Amino acid sequence: LPMRFFRNPTFALANVASLFMFFGMFGAIFLLAQFFQLVQQYSPFGAGLRVLPWTAMPMIVAPIAGALSDKIPGPRIIAVGLSLQAAGLAWLAAVSTPTVPYSELVMPFILSGIGMGLFFAPVANVILSSVRPVEEGQASGANNAIRELGGVFGVAVLASVFAATGGYASGQTFTDGMNAAVWVGAAVVAAGALVAFLIPTRPRELPTAVPV
């Protein structure tokens, strides 16, 4: 991986936004899947179905976001997507109780899913357009590694917040810990939105020769 990639503000900031996005998303999903099973007593299949409005929404929104990126600067779409994801996570943390009706969770799931869909397509385009065509494989690999790193840190850190503020003793203690962790995840994703607003909207001119 050429470290000079990170001297390009578009590449560097887009990857930081990606790190923060997957930190909050994976950490929250890790706890919410357990919430449906351990607190609300759904089966693993039932828990997966209930998270579907969040995780399936990108299939609808991502193609639209890709088309919009031809007319609206990609960094702005990324920033809006991260803002919606952060708002959805904060909404989930605000309304979740051991007995919360599923109907109260559907809209924050959909909001988070729309944000996720607005993020996915433009971020790849922004990152790959910041390097030369011959370097796109390296740039894509770097982004994939940073995305996975964000997920690992998200699960580890949010699980630590959960353990410090709640636990598995009862449905209430689990929800207390989950909500505290999801609030942290929402704050991290919101920080990612701020980073995304700093991404230059005009690509930097790249020299024709590839540095060694």
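Residues numbered from 1 in each chain as written. Predicted model: local features only at pLDDT ≥ 70, side-chain atom pairs only at ≥ 80, totals over all residues. Heavy atoms only, no water.

The subject of this paragraph is the packing of aromatic side chains. Summed over the entire model, instances satisfying the criterion amount to 14 aromatic pairs. A centroid spacing of 6.2 Å and a plane angle of 65 degrees characterise the contact between Phe36 and Tyr102, whose relative ring orientation is edge-to-face. Here Phe36, found in helix H1 (residues 9–39), pairs with Tyr102, found in the loop between helix H4 (74–95) and helix H5 (103–128); they are 66 residues apart in sequence, far enough to count as distant. Owing to a relative accessible area of 0%, Phe36 belongs among the buried residues under this scheme. Among the residues examined, Tyr102 registers a relative accessible area of 23% and is labelled partly exposed. Ring geometry for Phe162 and Tyr168: centres 5.3 Å apart, planes at 70 degrees, overall edge-to-face. Each residue in the set Phe35, Phe36, Tyr42, Trp54, Tyr102 and Phe109 is aromatic and connected to the rest through ring pairs, giving one cluster. Seen from the ring of Tyr42, Arg50 lies directly overhead, with NZ or CZ sitting 3.6 Å from the centre. Here the basic side chain of Arg147 rests over the ring of Phe22, its NZ or CZ set 5.9 Å away from the ring centre. (Phe/Tyr/Trp six-rings, centres within 6.5 Å; stacked < 30°, edge-to-face > 60°. Helix = DSSP H or I, 4+ residues; strand = E, 2+ residues; numbered from the N terminus. Buried < 20%, exposed > 50% of the residue type's maximum accessible area, 1.4 Å probe, protein only. Lys NZ or Arg CZ within 6 Å of the ring centre and 35° of its normal.)

At a minimum axis distance of 7 Å, the contact between H4 and H5 shows a crossing angle of 155 degrees. Between H4 and H5, the crossing angle belongs to the class labelled roughly antiparallel. Crossing angle aside, the handedness with which H4 passes H5 is left-handed. Taken together, the residues that form the contact of H4 with H5 break down as 23 nonpolar, 6 polar and 1 charged. (Axes fitted to C-alpha atoms, helices over the stretch in contact; angles between N-to-C directions. Parallel < 35°, antiparallel > 145°, perpendicular 65-115°, else oblique. Left-handed = near helix turned anticlockwise from the far one by under 90°. Nonpolar A, V, L, I, M, F, W, Y, C, P; charged D, E, K, R; others polar.)

In this section: the pattern of salt bridges. Scanning the entire structure with this criterion turns up 3 salt bridges. Here Glu135 makes a salt bridge to Arg4, at a shortest N to O gap of 2.7 Å. Residue Glu135 is found in the loop between H5 and helix H6 (136–165), and its partner Arg4 is found in the segment before H1; the two are separated by 131 residues along the sequence. Relative accessible area serves as the criterion here: at 19%, Arg4 is assigned to the buried category. Among the ionic pairs, Arg147 bridges to Glu148, the shortest N-O distance being 3.6 Å. On the basis of relative accessibility, which here comes to 45%, the residue Glu148 falls in the partly exposed class. Shared partners join several salt bridges into a network, and the residues in it are Arg4, Arg132 and Glu135. (Salt bridge = Lys/Arg side-chain N within 4 Å of Asp/Glu carboxyl O.)

It is worth spelling out the environment of Val152 at this point. In this fold, Val152 is placed in helix H6. Separated by 111 residues in the primary sequence, Val152 and Gln41 have C-alpha atoms spaced 26 Å apart.

Let us now look at the packing of H1 against H4. Between H1 and H4, whose axes approach to 11 Å, the crossing angle comes to 25 degrees. When the axis of H1 is compared with that of H4, the two are roughly parallel. Judged by the sense of rotation from one axis to the other, the crossing of H1 with H4 is left-handed. For the pair H1 and H4, the contacting residues are Ala17, Met21, Gly24, Met25, Ala28 and Leu32 in the first and Leu82, Gln85, Leu89 and Leu92 in the second. Taken together, the residues of the contact of H1 with H4 sort by class into 8 nonpolar, 2 polar and no charged. (Contact = heavy atoms within 4.5 Å.)

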